[in-house]
Amino acid sequence: MNRAILTPDWGDEGENPEPPSERSRLRELYAAAATAVFDGEREAAAAAARQVVRVERLRCAALAMHFADQSSGGPKWSPEAVTQRTVVTELAVGAHLSEIDARRKVDTAMGLCGDFVNTLSALSDGQISYRHAEKIVQHGLRLPRECVLDFEDRILPTAKRVSVQRLDREARGAAEDAQAVTAVQRHLDATAERYLALEPAADGMAYLTWYLPAVEAVAIYTRATELGRSLKNSGDPRTLTQLRGDALADLTLNGETSIPGATRGIRPHVRVTVPALALLRRPNESAVFDGGAANLEGYGPIDDLTARELARDAPGFYRILTDPATGIALNYGRQRYKPPADLDELIRTARAECSFPLACTPSATADLDHTKAFGEGHETEFHNLSPSAAAITR
């Protein structure tokens, strides 16, 4: 394949520029290739929708068989549980899937052909991908059935315009909003299930899975990021991703990092946005009419109890109202490239994550970039600065 079709090189303007007619031809070829790819994505989505229906038909056919637990001892499984395991095993073996992946396919198909028919329709039309549909069902199945329709109505338009990663964040928030009155109890129940697990991997590696409250998780991740960034700034050749893991491992094993060049005494800055009325809300009172739920940067909505505890222990409050209330200068024109600390803080608080559509990097660990390039004459101001995912790749 002619690589110029996919990655046309226009060359330098002063060095053998392409004739206008040739440049137009290459652009048309590139546009046609891109269109073909996007058409293929829509076709793949439609094919996935048809496969969803087939998987659900398999499950319904199994239910009609009235499978029963044939074991001779111990507690008996219900016919529904036996059917579920039978279909999952059949699908895993026949399609060469893991049991986890097969179970996810069965659950997704059941949801899409049941309460999430609008999501299935969007998948059939190629408006969303199968992974988008899977995320909607994954979060929606946790809801009481009476909340599902409202949840789907709220999240489906978002799914049509964002990446799967960003949808996961939005869907989690929408699911929390749909059952906000039980948020505190659900958080307390989930906290009781915290754990640390070890999973061996190939090539002398392993995975550590740590399930813990989001506030602690975000604080740990932020501290590891700041340690890694301090090492990067001191000239360490490792990537920030590598440094983040190495610093956290050293910190865990030694109590304080022993890596030369790492900044000592770093304490994580956990940023939480709490609507003022949320602090006055009674337990189990809806958050719909008073500004919504509190939001933990890098995670999403959190329950009122956790928000109140953080607010109670906070050394002070950072208010975002209007210019007179904050005293923050929102526009520095062409006087300086880098925003000062107060404007930096305001932007990171107002915009919880990076603006790039394919990433959900928390603003606390991202760089601030000019939306319209400073080098092209644009200004350093609030509306021309936003968190960028560039920091995570360095």
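Our subject is the structure listed above.
All residue numbers refer to positions counted from 1 along the written sequence of the respective chain. This being a predicted model, a pLDDT of at least 70 is required before a residue's local features are given, and a value of 80 or more before pairs of side-chain atoms are given or counted; all residues contribute to the totals for chains, interfaces and linings. Excluded from the side-chain calculations are hydrogens and water; all other atoms, namely the structure's heavy atoms, are used.

**A look at the overall build of the protein**
Next up, step 1: The helix count covers DSSP runs of H or I at least four residues long, the strand count covers runs of E at least two residues long, and both are numbered beginning at the N terminus. A tally of regular secondary structure across the protein gives 14 helices and seven strands.
Next up, step 2: Using a 1.4 Å probe on the protein chains alone, a residue whose accessible area is under 20% of its type maximum counts as buried, one over 50% counts as exposed, and one in between counts as partly exposed. The proportion of buried residues among the 394 residues of the protein is 36%.
Next up, step 3: The criterion used for residue contact is that any of the two residues' heavy atoms lie within 4.5 Å. Excluding contacts between residues fewer than 6 apart, the proportion of contacts in the protein whose partners are at least 24 apart in sequence is 56%.
Next up, step 4: Summed over its atoms, the accessible surface of the protein is roughly 23,600 Å², and 55% of this surface lies on carbon and sulfur atoms. For accessible areas, the Shrake-Rupley method is used with a probe of radius 1.4 Å. Any residue's cover is judged against the shown protein chains and nothing else.

**A word on the side chain of Thr83**
Next up, step 1: On the secondary structure map, Thr83 appears in helix α3 (residues 79–95).
Next up, step 2: Looking at Thr83, the relative accessible area reads 3%, which means it is buried.
Next up, step 3: Not counting chain neighbours up to four residues away, the residues in contact with Thr83 comprise Arg59, Ala62, Leu63 and Phe67.

**Comments concerning unusual backbone geometry**
In terms of backbone geometry, most residues other than glycine have negative phi values and most peptide bonds are trans.
Next up, step 1: Backbone geometry at His96 places phi at a positive 60°, although glycine is not the residue there.
Next up, step 2: By secondary structure assignment, the location of His96 is in the loop between α3 and α4 (99–112).

**Considering helix α2 (residues 20–64)**
Next up, step 1: Helix span, as expected, comes to 1.5 Å for every residue beyond the first. In a regular helix each residue adds 1.5 Å, so 45 residues correspond to 66 Å; α2 covers 66 Å between its end C-alpha atoms and thus fits that length.
Next up, step 2: Listed in full, the buried residues belonging to α2 are Arg23, Leu26, Ala45, Ala46, Ala48, Ala49, Val52, Val55, Glu56, Arg59 and Ala62.
Next up, step 3: Contact partners of the buried residues in α2: α3, α4, α5 (117–124) and α6 (130–140).
Next up, step 4: Looking one or two residues beyond α2, the residue adopting positive phi is His66, at roughly 55°.

**Comments concerning α5**
Next up, step 1: Within α5, the full set of buried residues consists of Thr119, Leu120, Ala122 and Leu123. Buried residues in α5, looked at end-on, bunch into an arc of 160°, giving them a common side.
Next up, step 2: Taken together, the buried residues of α5 touch α2, α4, α6 and α7 (145–159).
Next up, step 3: Downstream of α5 by one or two residues, Gly126 has phi in the positive range, about 75°. Arc definition: directions from the helix axis to the C-beta atoms.

**What about the packing of α2 against α5?**
Next up, step 1: Inter-axis angles, ranging from 0 to 180 degrees, are taken between N-to-C directions of lines fitted to C-alpha atoms, where helices are fitted over the stretch in contact. Here α2 crosses α5 at 140°, and the two axes come no closer than 7 Å. With respect to α5, the axis of α2 lies oblique. The segment α2 lies against α5, with Ala45, Ala46, Ala48, Ala49 and Val52 engaging Leu120, Leu123 and Ser124.
Next up, step 2: Polar here means any residue outside two lists: the nonpolar Ala, Val, Leu, Ile, Met, Phe, Trp, Tyr, Cys and Pro, and the charged Asp, Glu, Lys and Arg; Gly therefore counts as polar. Residues of the contact of α2 with α5, tallied by class, amount to seven nonpolar, one polar and no charged. Oblique is the label for any angle not covered by the other classes, which are roughly parallel (under 35 degrees), roughly antiparallel (over 145) and roughly perpendicular (65 to 115).

**Section: the pattern of salt bridges**
Between side chains of opposite charge, a pair can form as their charged atoms come close.
Next up, step 1: Any Lys or Arg side-chain nitrogen found within 4 Å of a carboxyl oxygen on Asp or Glu counts as a salt bridge. Under the defined criterion, the tally for this structure stands at nine salt bridges.
Next up, step 2: Measuring nitrogen to oxygen at the nearest pair gives 2.8 Å for the salt bridge that ties Arg25 to Glu22. Pair noted here: Arg25 and Glu22 are both in helix α2, with a separation of three residues, about one helical turn.
Next up, step 3: Judged by relative accessible area, which is 40%, Arg25 ranks as partly exposed.
Next up, step 4: Across the pair Arg104 and Asp101 runs a salt bridge whose closest N-O atoms are separated by 2.9 Å. In this pair, Arg104 and Asp101 both sit in helix α4, three residues apart, roughly one turn of the helix.
Next up, step 5: Among the residues examined, Arg104 registers a relative accessible area of 35% and is labelled partly exposed.
Next up, step 6: What makes Asp101 partly exposed here is its relative accessible area of 33%.
Next up, step 7: Three or more residues joined by partner-sharing salt bridges are found here, namely Asp236, Arg238 and Asp246.

Note that all results are geometric; they support no functional claim without further evidence.
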